[in-house]
Each structure stands twice: as structure tokens, then as C-alpha cells.
Amino acid sequence: MSGEYRFARFRLVSTGGQLVFRAQCEVCEELGPQAGTGDAAMMWTVFHLDDYPDHEVFRELSSTPYRVSRR
Ligand SMILES: [Zn+2]
């Protein structure tokens, strides 16, 4: 994470806001709900594994909020 991405017409600058976490199943790509922590996000895997016992690989996603800064 660089905190800034530069494009020809604008920049994207990290707002410094809170990260958002989600869990994703690597088998079917279904996403769990947004959560404020990785621990909370990954709780969704318990329910997903109950519904789909053969879906055994997950990914923890975290996302950073960015704001457009025009030149
Ligand atoms: Zn799945």
C-alpha cells in the first residue's frame, strides 16, 4: 500500500480512514460481510464451511479508503 496512486487527471490519496475487512471463499468466490477487524470478518468462514463442507480455502481481504485529489 503506497497511500497514493497518481493518474494523468487526478491522484487517489488514502483518507487515513479505518480499514475494512472481508473474508472470501477461494472455491466459489463468495464474500462475507464487511467487518472492522480481520477476526470479525473471518468468523463468516465458520458458517460458509457449514453450508459448503468442501470449500476449505479462504482469503482475508482488507481495503483502504481513498479520496480523489484533482490536479
Ligand atoms: Zn465457497
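The following refers to the structure shown. (Residues numbered from 1 in each chain as written. Predicted model: local features only at pLDDT ≥ 70, side-chain atom pairs only at ≥ 80, totals over all residues. Heavy atoms only, no water.)

### Quick word on the overall build of the protein chain
Thinking step 1. A count of helices and strands for the protein chain gives two helices and five strands.
Thinking step 2. Secondary structure of the protein chain in N-to-C order comes out as β-β-β-α-α-β-β.
Thinking step 3. Its C-alpha atoms give the protein chain a radius of gyration of 16 Å, clearly above 11 Å, the size a compact globule of 71 residues would have.
Thinking step 4. Over its C-alpha atoms, taken along the principal directions, the protein chain stretches across nearly 50 × 20 × 15 Å.
Thinking step 5. A total of 71 residues make up the protein chain; the buried ones form 17% of that total. (Helix = DSSP H or I, 4+ residues; strand = E, 2+ residues; numbered from the N terminus. Rg over C-alpha atoms; globule rule 2.2 N^0.38 Å. Buried < 20%, exposed > 50% of the residue type's maximum accessible area, 1.4 Å probe, protein only.)

### As for the environment of Leu19
Thinking step 1. Along the chain, Leu19 turns up in the loop between strand E2 (10-14) and strand E3 (20-25).
Thinking step 2. Note on Leu19: relative accessible area 33%, which makes it partly exposed.
Thinking step 3. Beyond its immediate stretch of four places on either side in the chain, Leu19 contacts Gly36, Ser63 and Thr64. (Contact = heavy atoms within 4.5 Å.)

### Digging into the packing of aromatic side chains
Thinking step 1. Considering all chains together, one arrives at three aromatic pairs under this definition.
Thinking step 2. Seen from their ring centres, Phe7 and Phe10 are 5.3 Å apart, and the 40° between their planes marks the pair as tilted.
Thinking step 3. Plain terms: the ring middles of Trp44 and Phe58 are 6.2 Å apart, the flat faces sit at 90° to each other, and that makes the pair edge-to-face. With a gap of 14 residues between them, Trp44 in helix H2 (residues 44-51) and Phe58 in strand E4 (residues 58-63) connect regions that are remote in the sequence.
Thinking step 4. For Trp44, a relative accessible area of 13% gives the class buried. (Phe/Tyr/Trp six-rings, centres within 6.5 Å; stacked < 30°, edge-to-face > 60°.)

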